[in-house]
Amino acid sequence: MIKKQYFTLPGAKGRGMQMDLTFDDTLKKAPMVVFAHGFKGFKDWGSHNLVAHYFAENGFRFLKFNFSHNGTTVAHPTDFADLIAFADNTFTMELDDLNAVIDFACGGSAMPSEPWVYLMGHSMGGGLSIIKAAEDQRVKKLVTMASISDFRNLWAPEIEPQWRLQGITYVLNKRTGQELPLKKTLLEDLDKNLARLDIIAKAKEIKHPWLIVHGDADPTVALSCAEELKAAQPAAELVVIPGADHTFGSSQPYLGTALPPLLEEFCRQAVIFLQK
């Protein structure tokens, strides 16, 4: 039977991270997939729960989580209710969050575990996952979906001078109409950690099997980003899904009971890759 368990783990600055694990309770030692959501995303966005169920049905445990400063709260897990936390976020804090989640997954304190995981990331979460896979031997295989190739893919570079001058900028959440604040500490974090946060450089270091999946109709992160990643790491597999946008046909909220066909195709390709 497919079941779900919920956990809360301390993340960056002690801020709690909500997590959930979807699994088949007859498969006690199923491989663990850790999923990292994207910018302006969260663990329950769109059809993420259906994705988790798909992987559990195909012999995996699927652990997804909210980054500690993604703006959601325990009381409002699908809303950007804490804009102070969102504004304070940095990419190195998110790497710390991801490390804590992998520690938890490999530690065996709450679930049977192996000393390794499969890591999967969407968009910004893909970029973070590339860095983590290059740094951490506990990542056995990597899957990225619509991944960025540079953190500056997340905003227009020309906004940076004014952002630095004013100390803050705002990004629009088109779904809610909210203007989400970002402090200049995000840019300062990039400045201070240029080598570590260079996604293309880290891609070159990856020795694990890696599947890159991108849609050719992605208006948010161009297909050229996937091609850059593939060029940086020729050993990686690149799958381009015709007609797929940035979320492979999903949306928030997603009211369907079955995966969008293009997202199901992503899941199928990822399962084939992880089962090799």
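In what follows, the structure referred to is the one given above.
Read on for a plain summary of the structure. These numbers were taken from a predicted model, which means no experiment stands behind them. (Residues numbered from 1 in each chain as written. Predicted model: local features only at pLDDT ≥ 70, side-chain atom pairs only at ≥ 80, totals over all residues. Heavy atoms only, no water.)

With respect to unusual backbone geometry
Okay, step 1: With an omega of -5°, the peptide bond running from Gln 252 to Pro 253 counts as cis.
Okay, step 2: Among the structural elements, Pro 253 can be located in the loop between strand S10 (237-241) and helix H9 (261-275).
Okay, step 3: One non-glycine residue, Lys 13, lies in positive phi territory at about 60°.
Okay, step 4: Within the element layout of this structure, Lys 13 appears in the loop between strand S1 (2-10) and strand S2 (16-24). (Helix = DSSP H or I, 4+ residues; strand = E, 2+ residues; numbered from the N terminus.)

Describing the packing of helix H1 (residues 48-57) against H9
Okay, step 1: Packing of H1 against H9 leaves a shortest axis separation of 11 Å and a crossing angle of 35°. Both H1 and H9 take part in a crossing whose hand is right-handed. Contact residues: H1 offers Val 51, Tyr 54 and Phe 55, while H9 offers Leu 263, Glu 264, Cys 267, Arg 268, Ala 270, Val 271 and Leu 274.
Okay, step 2: Per-class residue counts for the contact of H1 with H9 are eight nonpolar, no polar and two charged. (Axes fitted to C-alpha atoms, helices over the stretch in contact; angles between N-to-C directions. Left-handed = near helix turned anticlockwise from the far one by under 90°. Contact = heavy atoms within 4.5 Å. Nonpolar A, V, L, I, M, F, W, Y, C, P; charged D, E, K, R; others polar.)

A closer look at the sheet that holds strand S4 (residues 61-65)
Okay, step 1: Taking strand neighbours across the sheet as the criterion, the eight strands line up as S1-S2-S4-S3-S5-S6-S9-S10 in an open arrangement whose pairing is mixed. On the outer flanks of this sheet lie S1 and S10, each paired with one strand and no other. Neighbouring strand axes in the sheet, compared pairwise and without regard to direction, differ in orientation by 20° on average.
Okay, step 2: Looking at chain direction, strand S5 (residues 117-122) and strand S6 (residues 139-145) are connected through six bridges and run parallel. When the sheet's bridge partners are listed, Leu 119 is paired in S6 with Leu 142.
Okay, step 3: The sheet contacts of helix H4 (residues 124-135) involve strand S3 (32-36), S5, S6 and strand S9 (210-215), and relative to S5 the element is tilted by about 145°.
Okay, step 4: Relative to the sheet, H9 contacts S3, S5, S6, S9 and S10, its axis offset from that of S6 by approximately 160°. (Pairing = 2+ DSSP bridges.)

Points about the environment of Trp 163
Okay, step 1: Following the sequence through the fold, Trp 163 ends up in helix H5 (residues 160-166).
Okay, step 2: Classification of Trp 163 as buried rests on a relative accessible area of 1%.
Okay, step 3: C-alpha separation for the pair Trp 163 and Leu 182, spaced 19 residues apart in sequence, amounts to 8.8 Å.
Okay, step 4: Residues contacting Trp 163, with those up to four places away along its chain left out, are Trp 155, Ile 168, Thr 169, Leu 182, Lys 183, Lys 184, Leu 186 and Leu 187. (Buried < 20%, exposed > 50% of the residue type's maximum accessible area, 1.4 Å probe, protein only.)

Examining H1
The α-helix advances 3.6 residues per turn, and as a result positions three or four apart in sequence lie on the same side.
Okay, step 1: Taken residue by residue, H1 has His 48, Val 51, Ala 52, Tyr 54, Phe 55 and Ala 56 as its buried positions.
Okay, step 2: For H1, the secondary structure elements touched by its buried residues are S1, S2, S3, S4, S5 and H9.
Okay, step 3: Looking one or two residues past H1, Gly 59 carries a phi angle of roughly 95°, positive in sign.

Observations concerning the side chain of Ser 149
Okay, step 1: Within the element layout of this structure, Ser 149 appears in the loop between S6 and H5.
Okay, step 2: Its relative accessible area of 3% is what places Ser 149 among the buried residues.
Okay, step 3: A distance of 3.4 Å separates a polar atom in the side chain of Ser 149 from a polar atom in the side chain of Glu 228.
Okay, step 4: For Ser 149, the residues in contact, after removing those within four places along its chain, are Ile 199, Ile 200, Cys 225, Glu 228 and Leu 229. (Polar contact = N/O pair within 3.5 Å; in protein donor to acceptor, adjacent residues only side chain to side chain.)

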